[in-house]
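So you can see what is in the structure, the chains are spelled out below.
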Amino acid sequence: MKQTKYIFLTGGVVSSLGKGIASASLGLLLKSRGLKVTIQKFDPYINVDPGTMSPLQHGEVFVTDDGYEADLDLGHYERFLDENMSKDNNTTSGQVYFEVIQKERKGNYLGATVQVIPHITDEIKRRIRQIDEKSKNKYDVIITEIGGTVGDIESLPFLEAMRQFMLEVGKSNSICIHLTLVPYISAAGELKTKPTQHSVKTLLEIGIQPDILLCRSEKILTNELRKKIALFCNVEAEAVMQSIDAKSIYEVPLNLHKEKFDNVVLKKLNLSAGNPQLNKWNRIVNKIKSPRKEINIAICGKYNVVPDAYKSITESFVHAGAYNNVSVKLNWIDSELLEKNSTNIDDIFSEISGLLVCPGFGDRGIEGKITAIKYARENKIPFFGICLGLQCAVIEFARNVCGLKNANSKEFKDNVRFNVIDLMEYQKSIKVKGGSMRLGSYPCIILKKSLAYKCYKKEFINERHRHRYEVNNNYRKILSDNGMIFSGLSPDGSLIEMIELPEDIHPFFIATQFHPEFKSRLIKPHPIFREFVKSAVEHSNKKC
Ligand code: GLN
């Protein structure tokens, strides 16, 4: 059995330094050298999964093929590594405690006092090993990103488990990379190393000596400064790396490679690997950095103030934009604004070449979204609706084309005469909220000669879901008699997965009950995003 190598990534000084991007970038660099790599994330919060957390607080809930509602960093791992993650790639404190408490109730620890050390830490270590076991020792390297900032009470059990684990597998089989901040103080005109020194000191207090320091900074770290950090933090000078602010997150692995980050990691792990193959990645990053033109896409969602709430959607546009040699400027539209009579919708849409209506829950801003869709349909502006976006498109069509007055979704109104969107039958008996939606990957069959088929170029697809409501089959006939096409169905035909309008009525009008944004990757833009952006480019060319 080959020896798996373990890399732990911790964060210091402040949150939001980009541990997820750093882990994903390292994963990509090692994979591009021919190694088999995966990444797992440890999250210190007590929630069993992030599924019930507001995207306003914690950003998007990412969904994996196996139906796990995950931290958004798993999305970065997939987009960089081009590999599917699963529930095993994310562990929360809640899961760890849940498991240990269940075992205690079953009597597994009979006689023992159940404690953070060793019971909680053992469960954390089991979850690191489990990746190796379940994959039958497939991976050369497992990267573990520890959420939170060193010094927080919450992440202590994870750090203690990591310390024990590193001791068990031994030096050169495991390393700690500490991501830290070297702030620039403009009044002094200097980069400051003290916060990094303090953060390393905190790590040392819990028995962890970092092997590599990855220093985020907005200015270049001089050699002198690197040497100073190395000396005070007890790290080799060549292992003090800089991660300078980048224009695009996809540039980060290329910048880190220039810093010889992957070389140093391999050396510390005593691992040999081929030269990195980064040509394709490089080419795409250049396209992101020098687009031929910019197009404006209106995006209607509920959490417009926090773009992280729709991370996978915004990234999908970066991928599709690069493919089409354009940069996509997202114009976040407050759908509640569209509900006011005083709003001039022509003004809002004057520069817009496409409309995307986001997934979401609850009735806030729904009427505004329906107004936006009506405008896009009537003015032949390319339209793409995702999940709730599909449901709003069906409501709009039912009301304004089929004449079903006040048609609505049961999610928004209890007493609806024309309930064109209703709770899925099996959801009616479900009362618990956590992990109880229709989640994860399901097959879908695409109608030949449809816009959907033009995008995918195949009949059988699998896409990820996260919803409770669906198009009410009682209204299929009236919707299709009035021109709506159901271009994607579940294999037994019982669930509508995609709708569209015929191309002679509208140049690009498509919506999906599933979430295509979860499967878009930099090197493989999602086909619907790709074609939607293409159609938006054509629309903007017509306008000029
Ligand atoms: N709220 C809708 C449902 O549960 C849509 C969910 C979504 O957009 N992800 O069906």
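Scroll up for the structure.
Analysis parameters
Residues numbered from 1 in each chain as written. Predicted model: local features only at pLDDT ≥ 70, side-chain atom pairs only at ≥ 80, totals over all residues. Heavy atoms only, no water. Axes fitted to C-alpha atoms, helices over the stretch in contact; angles between N-to-C directions. Helix = DSSP H or I, 4+ residues; strand = E, 2+ residues; numbered from the N terminus. Parallel < 35°, antiparallel > 145°, perpendicular 65-115°, else oblique. Left-handed = near helix turned anticlockwise from the far one by under 90°. Contact = heavy atoms within 4.5 Å. Buried < 20%, exposed > 50% of the residue type's maximum accessible area, 1.4 Å probe, protein only. Pairing = 2+ DSSP bridges. Right-handed = clockwise from strand over helix to strand, strands pointing away. Near = heavy atom within 4 Å. Polar contact = N/O pair within 3.5 Å; in protein donor to acceptor, adjacent residues only side chain to side chain. Areas by Shrake-Rupley, 256 points an atom, 1.4 Å probe, with all protein chains shown as cover. Nonpolar A, V, L, I, M, F, W, Y, C, P; charged D, E, K, R; others polar.

**Examining the packing of helix H14 (residues 366-378) against helix H15 (residues 388-400)**
No. 1: Relative to each other, H14 and H15 sit at 70 degrees, their axes nearing to 9 Å. On the basis of the axis angle, H14 is roughly perpendicular to H15. The handedness of the crossing between H14 and H15 is right-handed. Each of Ile366, Glu367, Lys369, Ile370, Ile373, Lys374 and Arg377 in H14 lies in contact with H15, whose residues at this interface are Leu388, Gly389, Cys392, Ala393, Ile395, Glu396, Phe397, Arg399 and Asn400.

**Some remarks on the pairing of strand S15 (residues 383-386)**
No. 1: Neither face of S15 is exposed, since Phe383 and Gly385 on one face and Phe384 and Ile386 on the opposite face are all buried.
No. 2: One ladder, built from three bridges, connects strand S14 (residues 354-357) with S15; its direction is parallel. Of the residues in S15, the one forming a bridge with Leu355 is Phe383.
No. 3: This β-α-β element, S14 to H14 to S15, shows right-handed connectivity.

**Details of the site of the ligand**
No. 1: Taken together, Pro359, Gly360, Phe361, Cys387, Leu388, Gln391, Glu411, Arg466, His467, Arg468, Tyr469 and His515 make up the full set of residues adjacent to the ligand.
No. 2: Contact distances for the ligand include 2.8 Å between a nitrogen atom and a side-chain N or O atom of Glu411.
No. 3: Compared with its free state, where it exposes 300 Å², the ligand has 99% of that area covered by protein.
No. 4: Of all the secondary-structure elements, those providing two or more residues to the shell around the ligand are H15 and strand S19 (460-467).
No. 5: When its residues are assigned to classes, the shell around the ligand shows five nonpolar, four polar and three charged.

**Some thoughts on the environment of Ile299**
No. 1: Turning to its location among the elements, Ile299 is positioned in strand S12 (residues 293-301).
No. 2: Spatially, the C-alpha atom of Ile299 lies 39 Å from that of Leu221, the residues being 78 residues apart in sequence.

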